[in-house]
Amino acid sequence: MLQKIYDWVDERVDITPLWRDIADHEVPEHVNPAHNFSAFVYCFGGLTFFVTVIQILSGMFLTMYYVPDIENAWKSVYYLQTEVAHGQIVRGMHHWGASVVIVMLFLHTLRVFFQGAYKKPRELNWIVGVLIFFIMLGLGLTGYLLPWDNKAYFATVVTLEIAEGIPIVGEMTKTLLAGNPEIVGAQTLTRFFAIHVFFLPAALFALMAVHFILIRKQGISGPM
Amino acid sequence: MSEKKQQVSRRQFLNYTLTGVGGFMAAGMLAPMVRFAIDPVLQPASTGDYQAVAQLEDITNEPQRFDWTIDQIDAWYESEVTKSAWVYKDDNDEIIALSPVCKHLGCFVSWAGSDEHPDQFYCPCHDGRYYKDGVNVPGTPPAAALDEFEYKTEDGTLYLGKAKPRGA
């Protein structure tokens, strides 16, 4: 049945080469942990992607209950965590995953750095990778405010103070982030929410696409 | 291994194992999230406590609107919500308490809401009409009679429970 549906579509739009391009490629011996166990260091990039997928999924599900509003944000988080089935697990996945993804990203960066895998012709992909790292830090930063508890509030106060420290444009940057020159409140929360769930993920997807296309195009760097 | 026994090839075995492990991991990831998402569907139906609505002496043969407020808990949001019913005594002195929710698409019906039909319930959204006993007027949009509240009387007070569809 599935084969028939696949054949029907394939006959019309010729999808086989499409997914061959995505899924069918050689894995060189020197990156295969089954061949040489120390090659496990090559897994960190894939693990980062895996955790990112978990973050996207758990985040999507969390927004079914979460409200980005100062009156209700904390209450909705408390509700989804204590009253909704498996709420603690889903929020836990997003909470811990946020840290794990940074750790994996860092390990991946270390591997690329110490193997010198960023050298020509892969400098561009290193740059894209660093941008992804910044986006991830931005996601962590903006997501931290969303539960709207004391820790979130004061962490954001500190963030905004740091932003204010930028020479010349500091004050403007702070107002731009907080939505108000003095108050860390309603507008700050909606802004951070919008940045966290729309702007940064959009940038992340674009950069990840570039990152993966470049890997496929240039291939994995050779053995050391 | 004898070559005649065409059992499972190495490639097939790996395929099955990897698909199995991958499927297990995907399921482990998705199961809590799906259960989380479908939680509202699995909540038990509300029991519908009886609420004091009106004094029996105020109820006449003409449908009158009675309002009462309930404390509604909507997840993290608690509020007072006003409910309404159209209540009257029929010819046998039986109390009839009708839900004001139109059976067409859920708007709010009023007794004598239309000047042309002073002895009917009228829904302004699509001109749905109901006779005094709540039965829908044929040829108007509603396809069923107005829901009727379960009720009980105690010490001269009318208590209303849940609105139930006719014949249920």
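Just above, that's the structure.
Here is what the cut-offs are and how they apply
- Think of each chain on its own: its residues are numbered from 1, step by step along the sequence as written.
- The order in which chains are written sets their letters, starting at A; the order in which ligands are written sets their numbers, starting at 1.
- A pLDDT threshold of at least 70 governs which residues receive local features in this predicted model, and a stricter bar of 80 or more applies before side-chain atom pairs are shown or counted, although totals over entire chains, interfaces and linings include all residues.
- Computation of side-chain values covers all heavy atoms of the structure but excludes hydrogens and water.
- Secondary structure elements follow DSSP: runs of H or I no shorter than four residues count as helices, runs of E no shorter than two count as strands, and numbering proceeds from the N terminus.
- Relative accessible area decides the class of each residue, using a 1.4 Å probe on protein chains only: under 20% of the type maximum gives buried, over 50% gives exposed, and in between gives partly exposed.
- Here the Shrake-Rupley method, with its probe set to 1.4 Å, supplies the accessible areas, and only the displayed protein chains count as covering residues.
- Residues counted as positive are Lys and Arg, residues counted as negative are Asp and Glu, and His and the chain ends are not counted.
- Charged side chains are reduced to one point each, which is NZ for Lys, CZ for Arg, CG for Asp and CD for Glu.
- Sulfur atoms of two cysteines make up a disulfide when they are within 2.5 Å.
- Two residues qualify as a contact provided that any one of their heavy atoms is within 4.5 Å of a heavy atom in the partner residue.
- What counts as buried area is the accessible surface, traced by a 1.4 Å probe, that two parts surrender upon association, with contributions from both included.
- Here, a salt bridge means any Lys or Arg side-chain nitrogen found within 4 Å of an Asp or Glu carboxyl oxygen.
- In short, DSSP must find at least two bridges between two strands for them to pair.
- Any two of the Phe, Tyr and Trp rings considered here, Trp counted by its six-membered ring, make a pair once their centres fall within 6.5 Å; the pair's planes then place it as stacked at under 30 degrees, edge-to-face at over 60, or tilted in between.
- Both a distance and an angle decide whether a charge sits over a ring: NZ of Lys or CZ of Arg must be within 6 Å of the ring centre and within 35 degrees of the ring normal.
- Directions are taken from the helix axis to each C-beta atom, and the arc is the one they span.

**Details of the overall build of chain A**
Next, step 1: The secondary structure content of chain A amounts to nine helices and zero strands.
Next, step 2: When the helices and strands of chain A are read in sequence order from the N terminus, they spell out α-α-α-α-α-α-α-α-α.
Next, step 3: Seen along its three principal axes, the alpha-carbon backbone of chain A occupies a region of about 55 × 50 × 35 Å.
Next, step 4: Scored against the burial criterion, the 224 residues of chain A give a buried share of 35%.
Next, step 5: Per element, the accessible surface of chain A, about 14100 Å² overall, is 69% carbon and sulfur.
Next, step 6: Separation of charge centres in chain A, based on 14 positive and 17 negative side chains, amounts to 5 Å.

**What to know about the state of the cysteines**
Covalently bonding the sulfur atom of one cysteine to the sulfur atom of another cysteine gives a disulfide.
Residue and element names in this part refer to chain B.
Next, step 1: In the structure shown here, the tally under the stated rule is one disulfide over all chains.
Next, step 2: Paired by a disulfide, C107 and C125 hold their sulfur atoms 2.1 Å apart. Its torsion about the S-S bond being -95°, the disulfide of C107 and C125 is classed as left-handed. Note that C107 is positioned in the loop between strand 4 (95-98) and strand 5 (110-111) and C125 in the loop between strand 6 (121-123) and strand 7 (128-130), a separation of 18 residues in sequence.
Next, step 3: Since its relative accessible area comes to 22%, C107 is described here as partly exposed.
Next, step 4: Owing to a relative accessible area of 39%, C125 belongs among the partly exposed residues under this scheme.
Next, step 5: We note that C102 lacks a disulfide partner, and the nearest cysteine sulfur, in C123, lies 3.8 Å from it.
Next, step 6: Among the residues examined, C102 registers a relative accessible area of 5% and is labelled buried.

**Looking at the interface of chain A and chain B**
Next, step 1: Contacts between the two partners involve 23 residues from chain A, matched on the other side by 14 residues from chain B.
Next, step 2: Here chain A packs against chain B, burying approximately 1600 Å² in sum over the two surfaces, 82% of which is carbon and sulfur.
Next, step 3: Of all residues in chain A, A:F61, A:Y65 and A:A85 give up the largest surface area on contact with chain B, accounting jointly for 31% of the area buried on that side.
Next, step 4: Where chain A packs against chain B, one counts zero salt bridges.

**Concerning the pattern of salt bridges**
Residues and elements named next belong to chain B.
Next, step 1: Tallying each qualifying case throughout the model produces seven salt bridges over all chains.
Next, step 2: In this structure, D39 engages R35 in a salt bridge whose closest nitrogen and oxygen atoms are separated by 2.9 Å.
Next, step 3: One salt bridge in this structure joins D67 and R65, with 3.0 Å as the shortest N-O distance.

**Observations concerning the sheet that holds strand 5 of chain B**
Next, step 1: Ordered in space as 5-6-7 (chain B), the three strands form an open sheet in which the pairing is antiparallel. Every other strand in the sheet has two partners, leaving strand 5 and strand 7 of chain B as the edge strands with one partner each.

**Describing the packing of aromatic side chains**
Next, step 1: The full count for this structure, using the stated rule, is 16 aromatic pairs over all chains.
Next, step 2: The interplanar angle of 90° and the centroid separation of 5.9 Å between the aromatic rings of A:W148 and A:Y153 together place this pair among those described as edge-to-face.
Next, step 3: The exposure class of A:Y153 is partly exposed, given its relative accessible area of 28%.
Next, step 4: Taken together, a centroid distance of 4.9 Å and an interplanar angle of 90° make the contact between A:Y153 and A:F154 edge-to-face.
Next, step 5: Aromatic rings pair up to connect A:F113, A:F114, A:Y118 and A:W126 into one cluster.
Next, step 6: Positioned above the aromatic ring of A:W19 is the side chain of A:R20, whose terminal nitrogen or guanidinium carbon lies 5.5 Å from the ring centre.
Next, step 7: The side chain of B:K152 reaches across the aromatic face of B:Y50, ending 4.6 Å from its centre.

**Re the environment of B:C123**
Residues and elements named next belong to chain B.
Next, step 1: Looking at the element boundaries, C123 is found in strand 6.
Next, step 2: Among the residues examined, C123 registers a relative accessible area of 3% and is labelled buried.
Next, step 3: The spacing of C123 and C107 is 16 residues in sequence and 6.7 Å in space, taken between C-alpha atoms.
Next, step 4: The contact partners of C123, leaving out residues within four places of it in the chain, are C102, C107, F108, V109 and G128.

**Quick look at helix 4 (residues 73-82) of chain A**
An α-helix turns once per 3.6 residues; consequently, residues spaced three or four apart project the same way.
Next, step 1: Those residues of helix 4 of chain A not exposed but buried are A:A73, A:S76, A:V77 and A:L80. For helix 4 of chain A, the angular spread of the buried residues around the axis is 100°, confining them to a single face.
Next, step 2: Close packing links the buried residues of helix 4 of chain A with helix 3 (43-62), helix 5 (87-114) and helix 9 (186-218) of chain A together with helix 1 (10-37) of chain B.

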